[in-house]
Amino acid sequence: MKTPMKTWGLLFAGCAAMLWTAGCSDSKPVEPEADGQVEIVLSADFSDAVAGQVVSQNVRPGSRAVYNPVHEELDVNFARLDMDATGAYPTDGYAATSARLLEATLAECTANQGTAEDPDYFTPITFDPKEYYLVGLDNTKNKSRLIGWYPRATPVAGVVTIAVDGETDIMVSNEVEGNKVDPCGKVSFQHVLTQLKINAYALDEAAQTKWGAIESISLKTADDGSQGQFYENCVITLPTAVTVGTPAKATVTKDSGTTTGPTLAMKDVADDSDLHTADDTAAGGLVLPLATLDADKNIEDTNARPCGYAMFTPFAANEQITLEIVTTDGGTQNVLVDWKTGFEAGKAYTLTLRFTVSDIALKGEITAWTEYEWPTGEGDFKGEIEI
């Protein structure tokens, strides 16, 4: 949508910093450009999928991957909402026809940025084309609001629907508000899906021989839906009630339930590279590494290898997932994940599969006959019969 010039006049802009709950920053806007305009420049970070874990990655912009605080350049969308001449936002928020869709790029964040070494660093966000604040002398008015999401998708009446394919990280930011005097600043992208990572190993050579290599691992629930459901779509509803000075939050819901979940992407969670080696290709799947055992057959090191990841809509408590594991020599096995606490948004869960030989193995012997000693007391049978 084009900004009504009659209502707002010339556009200005600013940049600087704001924390997640702060609304706008204390920093002063930069000096205007020669033409009197100042560009809106945001900055952003990612919330950790796993507390304390920062994983470097080298994925192309727009590729499907798990995103972490250390990341490559990323293409995102923002929605923009401006005040009218009276200093009011549309009563229907981002569902209003005046809300505008913006394309933006979140810059690369290197290994020492957004970490304990530099906790205050937020990577810059640039808009294409550039965005500018509204003009006006009354700083209680002429404000704008912005909220972002990934991956890029076009909202319909303030609702963004994104397909859940198991490999694409879906995120939404907080909302920020500002004007040319008190500019918008930092946003933080939150993960709205659950991440499941799986590792695997074989206990010994017998187990390795029995099962062979892993062809695939898929997720599902009970056919009747009694253990919960996966959902084909993630629905992000942008704020509809917009109050001046009070940041609003998007709501995330689910759509199109199914008992069939995603198949694990057999890729490295850090850089989205294929996990298959030349040996795996020859074997027809991921080869199970052998655990290191001590002299008493106790495990010293599992040597478990990554088998990939999947992302899906969160599960509530008492909703359970079953793994459908297909191996080259052991066929298909369904394994219930005995976890009833649920799978929460923004959290990464790691499971390790231990493959063993499941045949019943017994040892046997025939016990020796034991001579029975008859009683010797008076009146008791002595074991002797007189004929």
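Residues numbered from 1 in each chain as written. Predicted model: local features only at pLDDT ≥ 70, side-chain atom pairs only at ≥ 80, totals over all residues. Heavy atoms only, no water.

Enquirer: Could you clarify how one ought to interpret the packing of aromatic side chains in this entry?
Expert: Each aromatic ring pair is summarised here by two numbers: the centre-to-centre distance and the angle between the ring planes. Enumeration over the complete set of coordinates arrives at ten aromatic pairs. Ring geometry for Tyr-67 against Tyr-150: centres 5.4 Å apart, planes inclined by 75 degrees, an arrangement best described as edge-to-face. With Tyr-67 in the loop between strand S2 (42-46) and strand S3 (74-82) and Tyr-150 in strand S7 (residues 144-150), the pair connects residues that are 83 residues apart, well separated along the chain. On the basis of relative accessibility, which here comes to 3%, the residue Tyr-150 falls in the buried class. (Phe/Tyr/Trp six-rings, centres within 6.5 Å; stacked < 30°, edge-to-face > 60°. Helix = DSSP H or I, 4+ residues; strand = E, 2+ residues; numbered from the N terminus. Buried < 20%, exposed > 50% of the residue type's maximum accessible area, 1.4 Å probe, protein only.)

Enquirer: Help me understand the nonpolar core in this model?
Expert: Buried together is how nonpolar side chains tend to be arranged in soluble globular proteins. Ranked by size, the top nonpolar core spans 27 residues in total, and within it Ile-214, Ile-217, Leu-219 and Leu-323 carry the most contacts. Ranked by residue count, the leading element in this core is strand S12 (residues 194-202), at four residues. Excluding anything up to four places from it in sequence, Ile-214 contacts Ala-200, Met-266, Gly-285, Leu-286, Leu-288, Cys-307, Val-326, Thr-327 and Phe-355. In this structure, Val-66, Leu-81, Val-160 and Tyr-309 belong to the second largest nonpolar core, which totals 25 residues. (Core = buried A, V, L, I, M, F, W, Y, C linked by side-chain atoms within 4.5 Å. Contact = heavy atoms within 4.5 Å.)

Enquirer: What should I look at first to understand the sheet that holds strand S21 (residues 331-336) in this one?
Expert: Each strand in a sheet pairs with another by means of backbone hydrogen bonds, the pair being arranged parallel or else antiparallel. If you walk across this open sheet you meet the four strands as S16-S13-S20-S21, and the pairing is antiparallel. For this open sheet the edge positions go to strand S16 (260-263) and S21, each flanked by a neighbour on one side alone. In this sheet, adjacent strand axes meet at a mean angle of 25 degrees when their direction is disregarded. Bridge count for strand S13 (residues 214-220) against S16 is two bridges, and the pairing is antiparallel. (Pairing = 2+ DSSP bridges. Axes fitted to C-alpha atoms, helices over the stretch in contact; angles between N-to-C directions.)

Enquirer: I'm lost on the confidence of the model for the chain in this one. Help?
Expert: Interpreting fine coordinate detail is not advised for predicted regions of low pLDDT. Overall, the predicted model of the chain reaches an average pLDDT of 79, with 74% of residues at or above 70. A low-confidence stretch, residues 1-36 (pLDDT under 50), is modelled with 98 contacts involving residues beyond four sequence positions or located in other chains. With pLDDT under 50 throughout, residues 46-63 is counted as low confidence; its partners more than four residues away or in other chains account for 56 contacts. (pLDDT = per-residue confidence, 0-100.)

Enquirer: For this particular structure, what's the right way to read the pairing of S13?
Expert: In regular strands, side chains alternate between the two faces of the sheet. Pairing between S13 and strand S20 (residues 322-327): six bridges, direction antiparallel. Note that in S20 the partner of Leu-219 across the bridge is Leu-323.

Enquirer: I tried to follow the environment of Phe-230 on my own but got confused; where do I start?
Expert: Among the structural elements, Phe-230 can be located in strand S14 (residues 230-237). Each C-alpha atom of the pair Phe-230 and Ser-256 lies 8.3 Å from the other, and the pair is 26 residues apart in sequence.

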